[in-house]
Amino acid sequence: MALLSLSAAARTANVSRQTIHTYINSSKIATKVDNKGNKVIDTAELLRVFGALQFDNDGFTPLIQSLTPDTVHPLQLENDALKATIELLRDQLFKTEQRELRLLDQVEKLTDSLKMIEHRPEPVAPAPKKPQTFWQRVFNTEE
């Protein structure tokens, strides 16, 4: 692809020169050195970092154009997608927390019912009758 000077790269990506220098210093954009010893940036690097670029008809001279509501910057699309993902994750987290609360409530109810079953007193058997003595059996009397 075409190699652009740092100023031309800034105009093409629709950012400031300072932004280009910051990206170079933080190694987010790779540079090359041309025949004259000047730093240049390949347009493929600009595409990788900034997304869609703005050129005029000949394809090499950057076209300075402010964003209008009709044109959406690729970073804005990515930002919107990330916001939607965050909102989806928040919704899922809320639903998960609600489900966890319901399950904990059910566990507590089951634990309480098990405690009631475990603490039931054993039924008391009636006292055994005393065996009848010989004379009680003969005269058929009961105590």
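All figures in this text were calculated on a predicted structure; none of them were measured in a lab. (Residues numbered from 1 in each chain as written. Predicted model: local features only at pLDDT ≥ 70, side-chain atom pairs only at ≥ 80, totals over all residues. Heavy atoms only, no water.)

A. Quick look at the pattern of salt bridges. For the structure shown, the criterion picks out four salt bridges. Across the salt bridge formed by Glu45 and Arg48, the nearest N and O atoms sit 2.8 Å from each other. Of this pair, Glu45 and Arg48 both sit in helix H3 (residues 43-50), separated by three residues, roughly a single helical turn. On the basis of relative accessibility, which here comes to 18%, the residue Glu45 falls in the buried class. A relative accessible area of 53% means that Arg48 is categorised as exposed. (Salt bridge = Lys/Arg side-chain N within 4 Å of Asp/Glu carboxyl O. Helix = DSSP H or I, 4+ residues; strand = E, 2+ residues; numbered from the N terminus. Buried < 20%, exposed > 50% of the residue type's maximum accessible area, 1.4 Å probe, protein only.)

B. Helix H1 (residues 6-13), seen in detail. The buried count for H1 comes to six of eight residues, which makes it a mostly enclosed element. Every buried residue of H1 is accounted for by Leu6, Ala8, Ala9, Ala10, Thr12 and Ala13. Those residues of H1 that are buried are in contact with strand E1 (3-5), helix H2 (17-25), strand E3 (39-42) and H3. Positioned one or two residues after H1, Asn14 has a phi angle of 60°, which is positive. (Contact = heavy atoms within 4.5 Å.)

C. Fine view of the sheet that holds strand E2 (residues 32-33). Spatially, the three strands line up as an open sheet ordered E1-E3-E2, and their pairing is antiparallel. On the outer flanks of this sheet lie E1 and E2, each paired with one strand and no other. As paired elements, E1 and E3 share three bridges and run antiparallel to each other. What sits directly across from Leu3, in E3, is Asp42. Contacting E1 and E3, H3 crosses the sheet at an angle of about 65° to E3. (Pairing = 2+ DSSP bridges. Axes fitted to C-alpha atoms, helices over the stretch in contact; angles between N-to-C directions.)

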